[in-house]
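Results of the structural survey
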Amino acid sequence: MVGSITGTVTNAHSNSNGNGNGSVQNLNCLEEKLEELRSLLGKSNSDPLKIVSVGAGAWGSVFAALLQDSYGQFREKVQIRIWRRPGRAVDRATAEHLFEVINSREDVLRRLIRRCAYLKYVEARLGDRTLLADEILKDGFCLNMIETPLCPLKVVTNLQEAVWDADIVVNGLPSTETREIFEEISKYWKERITMPVIISLSKGIEAALDPLPHIITPTKMISQATGLPMENILYLGGPNIASEIYNKEYANARICGAEKWRKPLAKFLRQPHFIVWDNSDLITHEVMGGLKNVYAIGAGMVAALTNESATSKSVYFAHCTSEMIFITHLLAEEPEKLAGPLLADTYVTLLKGRNAWYGQMLAKGALSPDMGDSISGKGMIQGVSAVKAFFELLSQSSLNVLHPEENKPVAPVELCPILKTLYKILISREQSSQAILQALRDENLNDPRERIEIAQSHVFYRPSLLGKP
């Protein structure tokens, strides 16, 4: 464990606060919010609040950096760290691009020179040394988001050291890695007296087929892996792109879960440019978080294949949102409506993001499904595993529903033609990206309104899909 924490952290915006009344008021407001959360967690004056982000993808890194920018100045009261695996090498092309980014930003260049950290980037540019992902993260560079420098972060590469006494753990891992890492974390929490609070940023699901078909969301994976009650596990999501949030584009999000924690955490996380609301419907928001990535891949394909046709993209939007509504009504009796922030979250993900980008690259032939779903410079494309999980789950005959026109029982996936097509393109690979347009142009495709009306009739609600009796 020796030497596993790297980096000296400062508040990236501390020099811009000034001494004006507005800055003083903002400082006092932040300190009050911090003290309220510390009190709720039972922290003594001499014991700092310990927050750790597990996983250093784009959103996990930005989330940690936002907290560091806001609360890092209160060093005696809060400690903010981020864990990532050690040893990941930065390839030469990325090192060269990173050097260009550094030299295009005077503030970043000055910071690195002041911290005596610039020389290693020069050497990497020349090919004289290899940089490591955890090494550059401490200087504020996320490997999946090189062009958006963050504030310096305190990086921990030893998982036990990072989490064993953490009060708040932020899950910034892909859904495909969440269970494995939290099972390891649970080993370090066996002797804990107090229970930590988890904020999960992960979007995706697992499909479990025995004893009955049901889904397992990342918050449920964490609960199963650690034994923590669901009351202590929350989900945060919203219509946002990580790099744009850090660049202070106005954004909002919802933190969902038990009232005990969601309300104080919403207040703690809220910033002038990043508004956080609280909501009780954990399931709908978390499932929608996984579904939007599924349909974003198709949106990227449609955009690329139609030369960004607004008409084609709107037709796709109508059909994919009706499938999303249908699927959420299978899972919840009264799901949150696909409107407001939920609809905006879907819209921005279909418009821009790594899953939409992946769909575009597939359609253009720049990438192939055979290359896998972990892409250099982008990280994990979570929509791919979610396509497989939702398709397998909704293909089970035990979940059969009555087809509204054919009046015969069919698996729910038969009412989701876009999901079926994405499975054939990405998973079974029996069709090319062009099939997504064929699915939209099917003359027999029902009006999306009909699928929504079926969903809202509640006839297809299947509580067993969430493991309920």
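Residues numbered from 1 in each chain as written. Predicted model: local features only at pLDDT ≥ 70, side-chain atom pairs only at ≥ 80, totals over all residues. Heavy atoms only, no water.

1. Side note on the overall build of the protein
A tally of helices and strands in the protein yields 19 helices and 15 strands. Here the protein has a C-alpha radius of gyration of 23 Å; the compact-globule value for 469 residues is 23 Å, and the two agree. Taking all 469 residues of the protein together, the buried fraction comes to 55%. In the protein, 72% of the contacts between residues at least 6 apart in sequence involve partners at least 24 apart. When the accessible surface of the protein is summed, it comes to about 20,400 Å², and 49% of that surface belongs to carbon and sulfur atoms. (Helix = DSSP H or I, 4+ residues; strand = E, 2+ residues; numbered from the N terminus. Rg over C-alpha atoms; globule rule 2.2 N^0.38 Å. Buried < 20%, exposed > 50% of the residue type's maximum accessible area, 1.4 Å probe, protein only. Contact = heavy atoms within 4.5 Å. Areas by Shrake-Rupley, 256 points an atom, 1.4 Å probe, with all protein chains shown as cover.)

2. Brief notes about helix α4 (residues 106-114)
For α4, every residue scored as buried is listed here: V108, L109, R111 and L112. The buried residues of α4 occupy an angular sector of 165° when the element is viewed end-on, so they sit on one face. Away from the buried face of α4 by more than 90 degrees, exposed residues E106, R110 and R114 are located. Where α4 is buried, its residues meet α3 (92-104) and α5 (119-125). Trailing α4 by a residue or two, C116 shows a phi angle of about 55°, which is positive. (Arc of directions from axis to C-beta.)

3. Examining the UniProt feature "domain: Glycerol-3-phosphate dehydrogenase NAD-dependent N-terminal" (unreviewed entry) in the protein
Mapped onto the present numbering, the UniProt feature "domain: Glycerol-3-phosphate dehydrogenase NAD-dependent N-terminal" (unreviewed entry) falls on residues 153-253. Taken as a whole, residues 153-253 contains 33% helix and 24% strand, while its terminal C-alpha atoms sit 23 Å from one another. (UniProt positions renumbered as here; feature names shortened; annotations may be inferred.)

4. Some words on the nonpolar core
The biggest cluster of nonpolar side chains holds 58 residues, and the ones touching the most others in it are Y295, Y316 and I327. Elements with a minimum of two residues in this core: α12 (282-305), α13 (310-331), α14 (340-351), α15 (354-364), α16 (382-394), α17 (417-426), α18 (435-440) and α19 (448-456). A total of 10 residues in this core trace back to one element, the largest contributor, which is α12. In contact with Y316, not counting residues within four places along its chain, are Y295, G298, A299, V302, L350, I418, L422, I436 and L440. Within the second largest apolar cluster, 47 residues are counted, among which are L49, L234, F268 and F274. (Core = buried A, V, L, I, M, F, W, Y, C linked by side-chain atoms within 4.5 Å.)

5. Some thoughts on the packing of α12 against α13
For the pair α12 and α13, the least separation of the axes is 10 Å and the interaxial angle reads 160°. Judged on the interaxial angle alone, α13 and α12 are roughly antiparallel. For α12 against α13, the interelement crossing comes out right-handed. Two secondary-structure elements touch here, α12 through V287, M288, L291, K292, Y295, G298, A299, V302 and A303 and α13 through S312, K313, Y316, C320, E323, M324, I327, T328 and L331. (Axes fitted to C-alpha atoms, helices over the stretch in contact; angles between N-to-C directions. Parallel < 35°, antiparallel > 145°, perpendicular 65-115°, else oblique. Left-handed = near helix turned anticlockwise from the far one by under 90°.)

6. Some thoughts on the domain arrangement of the protein
In terms of domains, the protein is made up of domain 1 (29-86 + 155-279) and domain 2 (282-466). Put simply, the middle of domain 1 and the middle of domain 2, counted by C-alpha atoms, are 28 Å apart. Counting residues at the interface gives 36 residues for domain 1, matched by 31 residues for domain 2. Both faces combined, the contact of domain 1 with domain 2 buries some 2,600 Å², and carbon together with sulfur accounts for 65% of it. Ranking the residues of domain 1 by area buried against domain 2 places K203, P213 and I215 at the top, with a combined share of 22%. One can count two salt bridges joining domain 1 with domain 2. Put simply, K352 and E244 hold a salt bridge, and the shortest N to O gap is 2.7 Å. (Domains from an automatic or database assignment. Buried area = accessible area lost by both parts, 1.4 Å probe. Salt bridge = Lys/Arg side-chain N within 4 Å of Asp/Glu carboxyl O.)

7. Regarding the pattern of salt bridges
Enumeration according to the criterion identifies 24 salt bridges in this entry. For the salt bridge of R262 with D278, the shortest nitrogen-to-oxygen distance reads 2.8 Å. Residue R262 is located in helix α11 (residues 259-269), and its partner D278 is located in strand β11 (residues 274-279); the two are separated by 16 residues in the primary sequence. Put simply, E31, E35, R38 and K77 are held in one network by salt bridges that share partners.

8. Here's the deal with the packing of aromatic side chains
Using the criterion set out here, one finds six aromatic pairs in the structure. A ring pair is formed by Y71 and F268, whose centres lie 4.3 Å apart and whose planes are at 10°; its orientation type is stacked. Separated by 197 residues along the polypeptide, Y71 in helix α2 (residues 58-71) and F268 in helix α11 bring together distant segments of the chain. Residue class for Y71 comes out buried when judged on its relative accessible area of 1%. Of the residues examined, F268 reaches a relative accessible area of 2% and is grouped as buried. A centroid spacing of 5.7 Å and a plane angle of 70° characterise the contact between Y121 and F141, whose relative ring orientation is edge-to-face. Within this pair, whereas Y121 is found in helix α5, its partner F141 is found in the loop between α6 (133-137) and β4 (155-156), the two being separated by 20 residues in sequence. The pair formed by Y121 and F141 is uniform in burial state, with each residue classed as buried. (Phe/Tyr/Trp six-rings, centres within 6.5 Å; stacked < 30°, edge-to-face > 60°.)

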